[in-house]
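# Working through the structure, step by step
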Amino acid sequence: MSDQNLHELLEKLERQMEQMEVTDEAGRERMRHLEADIRRLRERTGEDEEGDEPMLERFQESIDHFETSHPELTMMISQMMTILSNAGI
């Protein structure tokens, strides 16, 4: 997938997150991390790979946390991780 596909998925992910109601503190913290990581990915310059591993770990933790309460969000995060993996990140 191309950078364009990744950016489109990031936009969809952001829209989905805006519509979510998260009531637990752990979920709100995960959302803050997701928002920051998405912003970082959108601003990324190709060679800026420092800190990718912790970001990918946070994505996986978010999938684990939201998989039952927000399955559509977890599907999008999983797709994003696949795109990043295919890009060598």
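When the terminal C-alpha atoms of helix α4 (residues 71–86) are compared, their 23 Å separation across 16 residues agrees well with the 22 Å that a helix rising 1.5 Å per residue should span. Turning to α4, its buried residues number three or more, namely Leu73, Thr74, Met76, Ile77, Met80, Met81, Ile83 and Leu84. Along its buried surface, α4 packs onto α1 (3–19), α2 (25–43) and α3 (52–66). Count one or two residues on from α4 and you reach glycine 88, which has phi positive near 85 degrees.

Formed by 23 residues in total, the largest nonpolar core has its most connected members in Leu13, Phe59, Ile77 and Met80. Contributing elements (two or more residues each) for this core: α1, α2, α3 and α4. Top element by residues in this core is α4. It accounts for 7 residues. Every residue in contact with methionine 80, bar those within four places of it in the chain, is listed here: Leu6, Leu9, Leu10, Leu13, Leu41 and Phe59.

Mapping serine 62 onto the fold places it in helix α3. For serine 62, a relative accessible area of 2% corresponds to the buried category. Excluding anything up to four places from it in sequence, serine 62 contacts Arg30, Leu34, Thr74 and Ile77.

What follows deals with the confidence of the model for the protein chain. Reading predicted coordinates in detail is not appropriate for stretches of low pLDDT. For the protein chain, per-residue confidence averages 85 on the pLDDT scale, and 90% of positions sit at 70 or higher. Mean pLDDT across the secondary structure elements of the protein chain bottoms out at α1, with 86, and peaks at α2, with 90.

Our focus in this paragraph is the packing of α2 against α3. Helices that pack against each other are described as a pair by the angle of their axes relative to one another and the distance between those axes. α3 packs onto α2 with a crossing angle of 140 degrees between their chain directions and a minimal axis gap of 10 Å. Regarding the angle of α2 to α3, the classification is oblique. α3 is crossed by α2, and the crossing has left-handed handedness. Packed against α2, whose contacting residues are Ala26, Gly27, Arg30, Met31, His33, Leu34, Asp37, Arg40 and Leu41, the element α3 presents Asp52, Met55, Arg58, Phe59, Glu61, Ser62, His65 and Phe66 at the interface.

What counts, and at which threshold
Residues numbered from 1 in each chain as written. Predicted model: local features only at pLDDT ≥ 70, side-chain atom pairs only at ≥ 80, totals over all residues. Heavy atoms only, no water. Helix = DSSP H or I, 4+ residues; strand = E, 2+ residues; numbered from the N terminus. Expected span 1.5 Å × (residues − 1). Buried < 20%, exposed > 50% of the residue type's maximum accessible area, 1.4 Å probe, protein only. Contact = heavy atoms within 4.5 Å. Core = buried A, V, L, I, M, F, W, Y, C linked by side-chain atoms within 4.5 Å. pLDDT = per-residue confidence, 0-100. Axes fitted to C-alpha atoms, helices over the stretch in contact; angles between N-to-C directions. Parallel < 35°, antiparallel > 145°, perpendicular 65-115°, else oblique. Left-handed = near helix turned anticlockwise from the far one by under 90°.

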